[in-house]
Amino acid sequence: MVHVQVVRALEDNFMYIVRNENDDKVLVVDPVEPEKIQNICVKDNLTIVGALITHHHWDHAGGTPAFRKAFPDSQQVPIFGGDDRIEHVDKILKHDEEFEQAGLKIRSLSTPCHTRGHVCYHVSGKNGPGVVFTGDTLFIAGCGKFFEGSADQMHRNLNEILASLPDSTLVYVGHEYTATNLKFAESVEPGNQKVIDKLKMGN
Ligand SMILES: [Zn+2]
């Protein structure tokens, strides 16, 4: 079973600590405030063995210099990403690469559009459903801005690449934008019952 701990960062960013249940080795996702993550790991006796960066924007990748300083051994604690604009990135991943770290199986899903080097990470553990970290590609009730790509690319990212994951996959997004996204969705499709129901859940 993959265990995911959610750690809030900056204004509305999410960082994540990922591990197999009952394992003390962890991967961290987008550790923009690495000290916050380290403090939790020290307190919980967890050992960080790698970082997964979704894309090069500062609010996701801006913590890599401090992360590298805290974990200078790039062999033991590599930084993974899909873009050479991520400082200190050790391994640049292409689409559909699989590797193991912290006893977890990680698969890179290249999802260019928000940025051209954006990667989502599908992570599966020894058993139980897999999880996916979608960065600024997919949010709850929305998707990321098309800074370096086209609507066609985003359509493929959402409706082909991410949609091909098993239905049981748990989704962990890059920002808490739910309420704003739902209000926008309501303005575009006022009669959409799913949007209405989800908005009610927040009240
Ligand atoms: Zn971004």
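Check the entry above for the structure.
About the cut-offs
- Residues numbered from 1 in each chain as written.
- Predicted model: local features only at pLDDT ≥ 70, side-chain atom pairs only at ≥ 80, totals over all residues.
- Heavy atoms only, no water.
- Donors = N, O, S within 2.8 Å, 3.2 Å for Na, K, Ca; no water.
- Tetrahedral: all angles 85-135°; square planar, octahedral: opposite > 155°, others 65-115°.
- Helix = DSSP H or I, 4+ residues; strand = E, 2+ residues; numbered from the N terminus.
- Buried < 20%, exposed > 50% of the residue type's maximum accessible area, 1.4 Å probe, protein only.
- Disulfide = S-S within 2.5 Å.
- Arc of directions from axis to C-beta.
- Contact = heavy atoms within 4.5 Å.
- Axes fitted to C-alpha atoms, helices over the stretch in contact; angles between N-to-C directions.
- Left-handed = near helix turned anticlockwise from the far one by under 90°.
- Nonpolar A, V, L, I, M, F, W, Y, C, P; charged D, E, K, R; others polar.
- Phe/Tyr/Trp six-rings, centres within 6.5 Å; stacked < 30°, edge-to-face > 60°.
- Core = buried A, V, L, I, M, F, W, Y, C linked by side-chain atoms within 4.5 Å.

Participant: What exactly am I supposed to notice about the coordination of the zinc ion here?
Facilitator: The textbook angles at a metal center are 109.5 degrees for a tetrahedron of four donors and 90 or 180 degrees for an octahedron of six. Coordination of the zinc ion by the protein is provided by His55 (NE2), His57 (ND1), His114 (NE2) and Asp136 (OD), with metal-donor distances spanning 2.2 to 2.3 Å. Note that the zinc ion binds 4 donor atoms; their angles at the metal cover 90 to 174 degrees, and the shape is irregular. Counting gaps between the donor residues of the zinc ion yields the pattern H-x1-H-x56-H-x21-D. Note that His114 is positioned in the loop between β8 (104–110) and β9 (119–124) and Asp136 in the loop between β10 (131–133) and β11 (138–139), a separation of 22 residues in sequence. By relative accessible area, which is 4% here, Asp136 ends up buried.

Participant: Help me out: how do you make sense of the state of the cysteines in this one?
Facilitator: Tallied over the full model, the rule gives 0 disulfides. Cysteine Cys120 is unpaired, with the sulfur of Cys113 as its nearest cysteine sulfur at 11 Å. Cys120 sits in the buried class, given a relative accessible area of 0%.

Participant: Would you take a moment to explain helix α1 (residues 34–43) for this structure?
Facilitator: Working note: α-helix, 3.6 residues per turn, so residues spaced by three or four point in the same direction. Regarding α1, the residues found buried are Pro34, Ile37, Ile40 and Cys41. Considered in projection along α1, the buried side chains sweep an arc of 125 degrees and stay on one side of the axis. Set apart from the buried face of α1 by more than 90 degrees, the exposed residues are Glu35, Asn39, Val42 and Lys43. Where α1 is buried, its residues touch β1 (2–9), β2 (13–20), β3 (25–29), β4 (47–52) and α3 (64–70). A positive backbone phi angle near 60 degrees is found at Asn45, which sits one or two residues after α1.

Participant: I'm lost on the packing of helix α5 (residues 178–188) against helix α6 (residues 193–202) in this one. Help?
Facilitator: Axes are the key here: two packed helices are described by the angle between their axes and the distance separating the axes. For the pair α5 and α6, interaxial distance at closest approach is 10 Å and the crossing angle is 145 degrees. Crossing handedness for the pair α5 and α6: left-handed. Taking contact as the criterion, the partners of Leu182, Lys183, Ala185 and Glu186 in α5 are, on α6, Val195, Lys198 and Leu199. Residue composition of the contact of α5 with α6, by class: 4 nonpolar, no polar and 3 charged.

Participant: Looking at this structure, how should I read the packing of aromatic side chains?
Facilitator: The geometry of an aromatic ring pair comes down to the distance between the two centres and the angle between the two planes. All told, the structure shown has 7 aromatic pairs when counted by the stated rule. Centre to centre, the rings of Phe67 and Phe71 are 4.9 Å apart; their planes meet at 45 degrees, and the pair counts as tilted. Using a relative accessible area of 2% as the deciding quantity, one classes Phe67 as buried. Grouped by ring-pair contacts, the aromatic residues Phe14, Tyr16, Phe133 and Tyr172 constitute a single cluster.

Participant: Is there a simple way to think about the nonpolar core in this case?
Facilitator: Across soluble globular proteins, you tend to see nonpolar side chains buried next to one another. By size, the foremost hydrophobic cluster in this structure holds 23 residues, and its most contacted members are Val18, Leu52, Tyr121, Val123 and Phe133. Of all the secondary structure elements, the ones that give two or more residues to this core are β1, β2, β3, β4, β8, β9 and β10. If we skip the residues at most four places from it in the chain, Val18 touches Val2, His3, Val4, Lys25, Val26, Leu27, Val29, Leu104, Val123 and Phe133. Within the second largest apolar cluster, 21 residues are counted, among which are Val28, Ile53, Phe67 and Val77.

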